[in-house]
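Residues per chain are reported as follows:
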Amino acid sequence: MTQQPRSWPQIWPDPTTHLTSTRPDHPVLYLSPLRLQETARRFRRGFPGLVSYAVKANDRREVLETLVAAGIRHFDVASPAEMRLVHDIDRGAVLHYNNPVRSTAEVEAGIKAGVSSWSVDHPAGLAQLAGVPRRCEISVRFKLPVRGAAYDFGDKFGATPPQAIALLQQVARGGWSPALCFHPGTQCADPAAWESYIHAAAEIARRAGVRLARLNVGGGFPASRGTGLPALEEFLTRISDATARAFGKDAPQLVCEPGRAMVAEAGVLATRVKQLRDGGATVYLNDGIYGGLAELRDIGLTSRLHVMAPDGTPRLGKPRPRTMFGPTCDSLDRLPDGMFLPDDMEAGDYLLFGGMGAYSVVTSTGFNGYGLRDMVRVERVLDG
Ligand SMILES: *Cc1c(COP(=O)(O)O)cnc(C)c1O
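Residues numbered from 1 in each chain as written. Predicted model: local features only at pLDDT ≥ 70, side-chain atom pairs only at ≥ 80, totals over all residues. Heavy atoms only, no water.

Focus: the overall build of the chain
- A tally of regular secondary structure across the chain gives 11 helices and 17 strands.
- Reported as C-alpha extents along the three principal axes, the dimensions of the chain are approximately 70 × 40 × 40 Å.
- Counting only residues that meet the buried cut, the chain has 54% of its 384 residues in that class.
- Considering only contacts within the chain whose residues lie at least 6 apart along the sequence, 72% involve residues at least 24 apart.
- Taken as a whole, the chain presents about 16,100 Å² of accessible surface, with 51% of it coming from carbon and sulfur.
- Across the chain, the 44 positively charged side chains and the 40 negatively charged ones have centroids separated by 5 Å. (Helix = DSSP H or I, 4+ residues; strand = E, 2+ residues; numbered from the N terminus. Buried < 20%, exposed > 50% of the residue type's maximum accessible area, 1.4 Å probe, protein only. Contact = heavy atoms within 4.5 Å. Areas by Shrake-Rupley, 256 points an atom, 1.4 Å probe, with all protein chains shown as cover. Lys, Arg positive; Asp, Glu negative; His and termini not counted. Charge placed at Lys NZ, Arg CZ, Asp CG, Glu CD.)

The structure is reproduced here in structure tokens:
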């Protein structure tokens, strides 16, 4: 039985019912707590270790409450503000502070909040953690030149394997619980990336002469954007098998910390067509790259699109290419080319983007008075 979070207002059956009855003129993110709980269950069933949620993908109270109700007790946080968000909902939640670059004040805030796991990728970052209690875990973040993600985090974070060996030895000598972590990059569609990282982790631990208490295999699991992907379970099984092969009887406890793949499928983003020009070749939407569609510019278009008239009638005309602009008075506010939409589409229609629960409402700005702020709870989101 699903426990219903208390702070939620009304629940609608699905996005179409809400759109046709209220005809919102602003973008709306529809979120299905049931779908979110289902995904949490898939992770917990399929992953042979701890499942932590990366708060940055969607930090809304409703999301965190739903995950706590689904049994998620571990959270990957990057800032004191995220620690407070999580602890406001669950005082007992376990915090993993996996932003390796911290100010001195942030380190103090983390100690005060009782962070139990800290990542490091540089000697300067480790030196700052001298006051962290020895019962805590310090996890060395390393990087490899591995491809497969929509964009890589390796330019910004991560020690090379030789640097990681030295850091891991310092962590073990310092008396903390030694661990390794990595993040293959977000929207990583290739399970082989995790296999490479897991084998490299075993090698780093061997060379350092340190037995790992834990290995954190990151987030990065992809969400469908309309093209074929292996099922989530395939990623999880290959991680499990690679760990057994690489570590044998010394296998550390595994941790994963999905953001995108946990929450993307639970969300549908509805935008509205403001105006058509050039016989329909140019489309102005009420949301764009400064709002909930910011990621389309960086990780590409999704083909999970439905168009409907304001009364809910689906537009099923022949798809034709469009130039798509967002609502702000900034010419950069344009979606990537290559979007195809039905030729019977009209101004006032709604455009629904599937799989948009992650990195949409959290990255939206209020630039020019626009942006995605409204989140509405629904029983069901559309598949496809
Ligand atoms: C962003 C982030 C995640 C989540 O990444 P996704 O691609 O959304 O799964 C996990 N761990 C760390 C350290 C992160 O920075």
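Having put the structure on the table, let's press on.
So, the side chain of Thr243
- Relative to the helices and strands, Thr243 resides in helix H9 (residues 232-247).
- Looking at Thr243, the relative accessible area reads 4%, which means it is buried.
- Residues within four places of Thr243 in sequence aside, it is in contact with Ile198, Gly248, Ala251, Pro252 and Leu254.

Structural notes on the domain arrangement of the chain
- Entries for the chain in the domain assignment read domain 1 (15-30 + 265-377) and domain 2 (59-258).
- Each of domain 1 and domain 2 has a C-alpha centre, and these two points are 34 Å apart.
- Carbon and sulfur atoms supply 52% of the area that domain 1 and domain 2 bury against each other, a total of about 1,000 Å² over both sides.
- For domain 1, the biggest contributors to the area lost against domain 2 are Ile299, Arg304 and Met375; these three give 43% of the whole.
- At the boundary of domain 1 with domain 2, the tally comes to 0 salt bridges.
- In this structure, the connection of domain 1 to domain 2 is made through 5 residue pairs in polar contact (both at pLDDT 80 or more).
- In terms of residue count, the dominant contributor to the side of domain 1 that touches domain 2 is helix H11 (residues 294-299) (4 residues).
- By residue class, the composition of the side of domain 1 that touches domain 2 is 7 nonpolar, 3 polar and 5 charged. (Domains from an automatic or database assignment. Buried area = accessible area lost by both parts, 1.4 Å probe. Salt bridge = Lys/Arg side-chain N within 4 Å of Asp/Glu carboxyl O. Polar contact = N/O pair within 3.5 Å; in protein donor to acceptor, adjacent residues only side chain to side chain. Nonpolar A, V, L, I, M, F, W, Y, C, P; charged D, E, K, R; others polar.)

A short note on the site of the ligand
- Near the ligand, the surroundings consist of 14 residues, among which Lys56, Thr186, Glu257, Arg260 and Tyr359 are the closest.
- Backbone polar atom of Gly220 to an oxygen atom of the ligand: 2.8 Å apart, as the coordinates give it.
- One of the backbone N or O atoms of Gly259 is found 3.0 Å from an oxygen atom in the ligand.
- Here the ligand, which alone exposes 380 Å², has 94% of that area covered by the protein.
- Class assignment for the residues of the shell around the ligand results in 3 nonpolar, 6 polar and 5 charged. (Near = heavy atom within 4 Å.)

Some points on the sheet that holds strand E9 (residues 214-216)
- An order of E3-E4-E5-E6-E7-E8-E9-E10 is seen for the 8 strands of this closed barrel, with the pairing classed as parallel. Between one strand and the next, the sheet's axes are offset by a mean angle of 25 degrees, whatever the strand orientation.
- Looking at chain direction, strand E4 (residues 74-77) and strand E5 (residues 94-97) are connected through 4 bridges and run parallel. Bridge pairing in E5 places Val77 opposite Tyr97. (Pairing = 2+ DSSP bridges. Axes fitted to C-alpha atoms, helices over the stretch in contact; angles between N-to-C directions.)

Comments concerning the pattern of salt bridges
- Taken as a whole and judged by the stated rule, the model has 19 salt bridges.
- Ionic pairing is found between Arg238 and Glu195, a salt bridge with its closest N-O pair at 2.9 Å. Note that Arg238 is positioned in helix H9 and Glu195 in helix H8 (residues 191-208), a separation of 43 residues in sequence.
- Among the ionic pairs, Asp349 bridges to Arg315, the shortest N-O distance being 2.7 Å. With a gap of 34 residues between them, Asp349 in the loop between strand E15 (339-342) and strand E16 (350-354) and Arg315 in the loop between strand E13 (305-308) and strand E14 (319-325) connect regions that are remote in the sequence. One exposure class covers both Asp349 and Arg315, and it is buried.
- Where salt bridges share partners, they join Arg35, Glu38, Glu265 and Arg304 into one cluster.

Details of the state of the cysteines
- Using the criterion set out here, one finds 0 disulfides in the structure.
- Counting only cysteine sulfurs, Cys256 is the nearest neighbor of Cys188, a cysteine outside any disulfide, at a range of 14 Å.
- Residue classification places Cys188 among the buried residues on the basis of a relative accessible area of 0%. (Disulfide = S-S within 2.5 Å.)

Description of unusual backbone geometry
- One non-glycine residue, Gln187, adopts positive backbone phi at about 55 degrees.
- Summarising the element assignment, Gln187 is placed in the loop between strand E8 (177-181) and H8.
- Even without being a glycine, Asn368 presents a positive backbone phi close to 65 degrees.
- With respect to the helices and strands, the residue Asn368 is situated in the loop between E16 and strand E17 (374-378).

Considering the packing of helix H2 (residues 33-46) against helix H3 (residues 61-69)
- At their nearest, the axes of H2 and H3 sit 9 Å apart, and the two run at 50 degrees to each other. Considering the angle they form, H2 stands oblique to H3. Here H2 runs over H3; the crossing is right-handed. Taken together, the residues of H3 that come into contact with H2 (itself represented by Pro33, Leu36, Gln37 and Ala40) are Val63, Thr66, Leu67 and Ala69. (Parallel < 35°, antiparallel > 145°, perpendicular 65-115°, else oblique. Left-handed = near helix turned anticlockwise from the far one by under 90°.)

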